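# An overview of the molecular structure
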Amino acid sequence: CDSGGSNSSTNRLWKASLQKFSNASGLAIKVCHFPPGCSKWNRIEHRLFCYITKSWQGKPLVDIETVVNLIGHTTTTKGLKVVCKYDGGKIYRKGIKVDQEVMDNLRIKFGGPHPQWNYIIRPQKS
């Protein structure tokens, strides 16, 4: 994770949502965040975003349909094919608070050389 915004290493809603996903899927989820401000090391940014930028270079981004189509038609000679889908204008709630009780019940284990950025969330027992 790039440790910014909604998937920040300090975001309580991110961890609570990962716990819900872990419970539903039965999977243990290992999370490794880049330190804040270090997304420049994120391989996805280097291998994907530069091609998306090239595909819409010089084209006016006038509406969401144009943006989705330009991103979705991004390809490279080495075989990268980008898939992009508009989520239909879903409204995302802002200001969601996660109670301390929820945080206290997470099945989270911090570890690695920088435990504040590396952890595993395991499914909760029913």
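Just so we're clear, the structure is a prediction, and the values are computed from it rather than from any experiment.

Let's shift gears to helix α2 (residues 43-55). Along its 13 residues, α2 runs 19 Å from first to last C-alpha, staying within 8% of the 18 Å computed at 1.5 Å per residue. For α2, the principal kink sits at Phe49 and spans about 30 degrees.

Our next topic: the pairing of strand β3 (residues 118-121). Relative to β3, strand β1 (residues 29-32) runs antiparallel, the two being bridged by four bridges. Residue pairing in the sheet places Ile29 in a bridge with Ile121 of β3.

Let us now look at the environment of Cys1. Among the structural elements, Cys1 can be located in the segment before α1 (12-25). Residue Cys1 is classed as partly exposed on the basis of its relative accessible area, which comes to 30%. Once the C-alpha coordinates of Cys1 and Trp117 are considered, the two residues, 116 residues apart in sequence, prove to be 9.2 Å apart.

Taken as a whole, the chain shows an average pLDDT of 87; of its residues, 90% reach a score of 70 or greater. Here α2 is the element of the chain with the lowest mean pLDDT, 81, and helix α4 (residues 100-104) is the one with the highest, 96.

Moving on to the nonpolar core. Of all hydrophobic cores here, the largest spans five residues; its members are Leu18, Ile29, Val31, Tyr119 and Ile121. Among the elements of the structure, β1 and β3 are those that each provide at least two residues to this core. Contact partners of Tyr119, with chain neighbours within four places excluded, come to Trp14, Lys15, Leu18, Ile29, Lys30, Val31, His33, Ile108, Lys109 and Phe110.

Where helix α3 (residues 64-72) is concerned, the buried positions are Val67, Val68, Leu70 and Ile71. Around the axis of α3, the buried residues are gathered within 165 degrees of arc, so they sit on the same side. Close packing links the buried residues of α3 with α2.

Moving on: the sheet that holds β3. With antiparallel pairing, three strands are arranged side by side in an open sheet as β1-β3-β2. The open sheet has two edge strands with one neighbour each: β1 and β2 (108-110). On average, adjacent strands in this sheet sit at an angle of 20 degrees to one another, irrespective of strand direction. Across the sheet, α1 is in contact with β1, β2 and β3; its angle to β3 comes to roughly 40 degrees.

Scoring rules and cut-offs
Residues numbered from 1 in each chain as written. Predicted model: local features only at pLDDT ≥ 70, side-chain atom pairs only at ≥ 80, totals over all residues. Heavy atoms only, no water. Helix = DSSP H or I, 4+ residues; strand = E, 2+ residues; numbered from the N terminus. Expected span 1.5 Å × (residues − 1). Bend = angle between axes of the 7 residues up to and from the residue. Pairing = 2+ DSSP bridges. Buried < 20%, exposed > 50% of the residue type's maximum accessible area, 1.4 Å probe, protein only. pLDDT = per-residue confidence, 0-100. Core = buried A, V, L, I, M, F, W, Y, C linked by side-chain atoms within 4.5 Å. Contact = heavy atoms within 4.5 Å. Arc of directions from axis to C-beta. Axes fitted to C-alpha atoms, helices over the stretch in contact; angles between N-to-C directions.

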